[in-house]
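Close look at the chain arrangement
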Amino acid sequence: MPANVTIEQMTVEDLDEVLSIERASFRTPWSKGAFLYELKKNRVARCWVARGAMVPEPVIVGYLCLWEIGPEIHITNLAVHPDWRRQGVARALLGVTMEDARRRQLRLAILEVRPTNTEALGLYEGLGFRVVGRRKEYYFDTGEDALVMEADLIAAAPSGTNLKRD
């Protein structure tokens with residue numbers, strides 16, 4: 001994990017910064033209402049933010065949302081501020097999330113990704129995810145399929161994911 005980044009639970013107060021990253025990251029961004037639903041009403045949702053140490057105060061540099069259903073987690077949203085990409089923030093968010101799930105004896109992590117998102121595919125594969133399926137025309141903005149990826153949380157953790165949450 002980058003030395004100047006901490007990971008904490010997302011709060012409603014974080015949403016302006018989260019929405020800014022969301023809009024910079026996706027063609028069809030989640031709305032404020034969607035995040036509010038995840039934070040306040042969805043009993044299976046968990047959302048986290050990565051804060052970068054900045055002066056005069058820390059700023060949100062990335063976030064991850066997931067659903068915890070039975071023995072698995074389903075990553076629903078992950079993004080990093082463009083200025084903080086390729087610095088290990090997404091790896092830290094995923095690593096901390098997966099390690100927490102392992103400690104609590106959850107079995108599986110699942111996510112969807114665009115086949116054209118080669119950077120994300122490389123990140124996920126490096127964390128032990130593998131392609132297990134395809135959802136046809138999953139992304140309504142382009143009609144693009146989604147690759148379904150999963151990681152066995154019971155198997156030994158891939159190297160570099162033995163992270164602790166601050």
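Let me sum up the structure you'll find in this document. (Residues numbered from 1 in each chain as written. Predicted model: local features only at pLDDT ≥ 70, side-chain atom pairs only at ≥ 80, totals over all residues. Heavy atoms only, no water.)

Before going further, it helps to spend a moment on the overall build of the chain. Counting secondary structure elements, the chain contains four helices and seven strands. Overall, the chain shows an N-to-C arrangement of helices and strands of β-α-α-β-β-β-α-β-α-β-β. Expected size for 166 residues packed as a compact globule is a radius of gyration near 15 Å; at 15 Å, the chain falls within 12% of this value. Per-residue burial for the chain yields a buried fraction of 45% across its 166 residues. Restricting to contacts in the chain with at least 6 residues of sequence separation, those with at least 24 account for 63%. Total accessible area on the chain stands at roughly 9000 Å², and carbon and sulfur atoms take up 49% of it. Here the chain carries 22 positive and 23 negative side-chain charges, and the mean point of each set is 3 Å from the other. (Helix = DSSP H or I, 4+ residues; strand = E, 2+ residues; numbered from the N terminus. Rg over C-alpha atoms; globule rule 2.2 N^0.38 Å. Buried < 20%, exposed > 50% of the residue type's maximum accessible area, 1.4 Å probe, protein only. Contact = heavy atoms within 4.5 Å. Areas by Shrake-Rupley, 256 points an atom, 1.4 Å probe, with all protein chains shown as cover. Lys, Arg positive; Asp, Glu negative; His and termini not counted. Charge placed at Lys NZ, Arg CZ, Asp CG, Glu CD.)

Let us look at the packing of helix 1 (residues 15-25) against helix 2 (residues 32-40). Closest axis-to-axis distance for the helix 1/helix 2 pair is 10 Å, and the angle between their directions is 125 degrees. As judged from the angle between their axes, helix 1 and helix 2 are oblique. In this structure, the crossing between helix 1 and helix 2 has a hand that is right-handed. Facing Leu-15, Asp-16, Val-18, Leu-19 and Glu-22 of helix 1, the residues of helix 2 in contact are Lys-32, Phe-35, Leu-36 and Leu-39. Of the residues assigned to the contact of helix 1 with helix 2, the class counts are six nonpolar, no polar and three charged. (Axes fitted to C-alpha atoms, helices over the stretch in contact; angles between N-to-C directions. Parallel < 35°, antiparallel > 145°, perpendicular 65-115°, else oblique. Left-handed = near helix turned anticlockwise from the far one by under 90°. Nonpolar A, V, L, I, M, F, W, Y, C, P; charged D, E, K, R; others polar.)

For strand 3 (residues 59-69), the buried fraction is high: eight of the 11 residues fall into the buried class. Taken together, the eight bridges between strand 2 (residues 45-52) and strand 3 define a ladder with antiparallel strand orientation. Paired with Val-49 across the strands is Tyr-63, a residue of strand 3. Taking the residues that link successive antiparallel strands as the turn, the strand 3-strand 4 (residues 72-80) hairpin has two residues, and the phi of Gly-70 there is positive, at about 55 degrees. (Pairing = 2+ DSSP bridges.)

For the rest of this paragraph, the subject is unusual backbone geometry. Glycine aside, negative phi is the norm for most residues, and most peptide bonds take the trans geometry. Phi angles above zero are rare outside glycine, and Arg-86 is one such case at about 65 degrees. Among the residues examined, Arg-86 registers a relative accessible area of 72% and is labelled exposed. Even without a glycine there, the phi angle at Gln-105 is positive, about 65 degrees. In this structure Gln-105 comes out as exposed when scored by relative accessible area, which is 65%.

Bringing the pattern of salt bridges into the picture now. A complete count under the given rule lists 13 salt bridges for this structure. For Glu-99, the salt bridge is made with Arg-102, and the minimal N-O distance between the two is 3.7 Å. Linking Glu-99 with Arg-102, this pair stays in helix 3 (residues 89-103), spanning three residues, or about one helical turn. A relative accessible area of 12% places Glu-99 in the buried class. Using a relative accessible area of 14% as the deciding quantity, one classes Arg-102 as buried. (Salt bridge = Lys/Arg side-chain N within 4 Å of Asp/Glu carboxyl O.)

With their axes 11 Å apart at the nearest point, helix 3 and helix 4 (residues 118-126) run at an angle of 40 degrees to one another. It follows that helix 3 is oblique to helix 4 by the angle criterion. In this structure, helix 3 meets helix 4 at a crossing whose hand is right-handed. Residues Ala-90, Arg-91 and Leu-94 of helix 3 form the contact with helix 4, whose own contacting residues are Leu-123, Tyr-124 and Gly-126. Here the residues of the contact of helix 3 with helix 4 sort into four nonpolar, one polar and one charged.

The quantities given are spatial measurements derived from coordinates; they are silent on function.
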